[in-house]
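Tertiary structure, described
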Amino acid sequence: MRPQKVIFLIGFMGAGKSSVGKLLSVLLGLDFIDSDSSIEKNEGMSIDSIVKNHSWDYFREREAEWLANVDPNKMIVCATGGGLPCFQDNMEKLLQMGTVIYLECSNEVLFERITTQKTHRPLLSALSGDELMNFITTTITDRASYYKRANIIINGNGSVEGIGKQLMLWLSK
Ligand code: S3P
């Protein structure tokens, strides 16, 4: 089974977009790309350095630019940065170009995963536990109306393998 459109995975930091995306790309026999990694490669520095050396606005511009360069005619699996769908008209473009899958996780699961991956997210490492939970809760509330426009909303709390299996069922419908 080969999907007819680009597959975009969206969701908050720690939702598992890259892990699930990589598995899905193997199961579907498609290439995988990740907006964060592509931007880091193009800019020659990590996202944290991009934000420190430039600004969040600059990073959001790079995300919009990355999206504008995705070829809608090439079937691939893309994991997008957690904020990408929620700026400019990016969500509209994702929906026009592909099948958009939202990995929806509970705030507790996101907290757990972000806390254990803190070294990979230096911008969040300065936050205390309470501040991080508050950040997750308020940011998800702000972003929910974007994320929930996805074509497929799937519970992302479980294992990568389990989510991969469920998505293969969805995509074969
Ligand atoms: C961000 C999520 C990150 C990265 C950047 C901003 C966000 O991507 O794009 O740090 O605003 O939610 P991941 O969701 O892949 O961690």
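Scroll up to find the structure.
As the structure is a prediction and not an experimental result, all values here were calculated from the model. Here the residue numbers are simple positions, counted from 1 along each chain's written sequence. With pLDDT at 70 or above as the cut-off, local features in this predicted model cover only qualifying residues; side-chain atom pairs require 80 or more to be listed or tallied, and sums for whole chains, interfaces and linings still use all residues. To obtain the side-chain values, all non-hydrogen atoms of the structure were used and water was disregarded.

1. Remarks on the packing of helix 2 (residues 35–43) against helix 4 (residues 56–68)
- Axes, fitted as lines to C-alpha atoms, cover a helix only where it is in contact. Angles between the N-to-C directions of the axes lie from 0 to 180 degrees. Working definition: helices are DSSP H or I runs of at least four residues, strands are E runs of at least two. Numbering for both runs from the N terminus. For the pair helix 2 and helix 4, interaxial distance at closest approach is 10 Å and the crossing angle is 110°. Judged by the inter-axis angle, helix 2 sits roughly perpendicular to helix 4. Counted together, Ser35, Asp36, Ser38, Ile39 and Glu43 of helix 2 and Tyr58, Phe59, Arg62, Glu63 and Trp66 of helix 4 form the full contact between these two elements.
- Gly is put with the polar residues, along with every residue not named as nonpolar or charged; the nonpolar set is Ala, Val, Leu, Ile, Met, Phe, Trp, Tyr, Cys and Pro, and the charged set is Asp, Glu, Lys and Arg. Residues belonging to the contact of helix 2 with helix 4 are distributed by class as follows: four nonpolar, two polar and four charged. An angle counts as roughly parallel when it lies under 35 degrees, as roughly antiparallel when it exceeds 145, as roughly perpendicular when it falls between 65 and 115, and as oblique in every other case. Contacts: residue pairs with any heavy atoms within 4.5 Å of one another.

2. A look at the pairing of strand 1 (residues 6–10)
- Throughout, exposure labels follow a simple rule: accessible area from a 1.4 Å probe, protein chains only, divided by the maximum for the residue type, with under 20% read as buried, over 50% as exposed, and the rest as partly exposed. In terms of burial, strand 1 is a largely internal element, five of the five residues being buried.
- Both faces of strand 1 are covered, namely the face carrying Val6, Phe8 and Ile10 and the face carrying Ile7 and Leu9.
- Of the strand pairs in this sheet, strand 1 and strand 4 (residues 98–104) are connected by five bridges, and their pairing is parallel. Its bridge partner being in strand 4, valine 6 is matched across the sheet by glycine 98. Strand pairing follows a simple DSSP-based rule, namely that at least 2 bridges must link the two strands.

3. Notes on the site of the ligand
- Consider each residue's heavy atoms; a residue with any of them within 4 Å of a molecule or strand counts as near. In the vicinity of the ligand lie 13 residues, with Lys17, Asp36, Arg60, Arg121 and Arg143 positioned nearest.
- What qualifies as a polar contact is a pair of N or O atoms within 3.5 Å, subject to a donor-acceptor requirement within protein and to the restriction that residues adjacent in sequence count only when both atoms come from side chains. Contact distances for the ligand include 2.6 Å between an oxygen atom and a side-chain N or O atom of lysine 17.
- Between the ligand and the protein, one listed contact pairs an oxygen atom with a backbone N or O atom of glycine 83 at 3.3 Å.
- Exposure was quantified through the Shrake-Rupley algorithm and a 1.4 Å probe, taking into account, for residues, occlusion by the shown protein chains and nothing else. Contact with the protein chains removes 88% of the 380 Å² of surface that the ligand exposes when unbound.
- Partitioning the shell around the ligand into residue classes produces four nonpolar, three polar and six charged.

Keep in mind that these numbers describe shape and distance, not what the molecule does.
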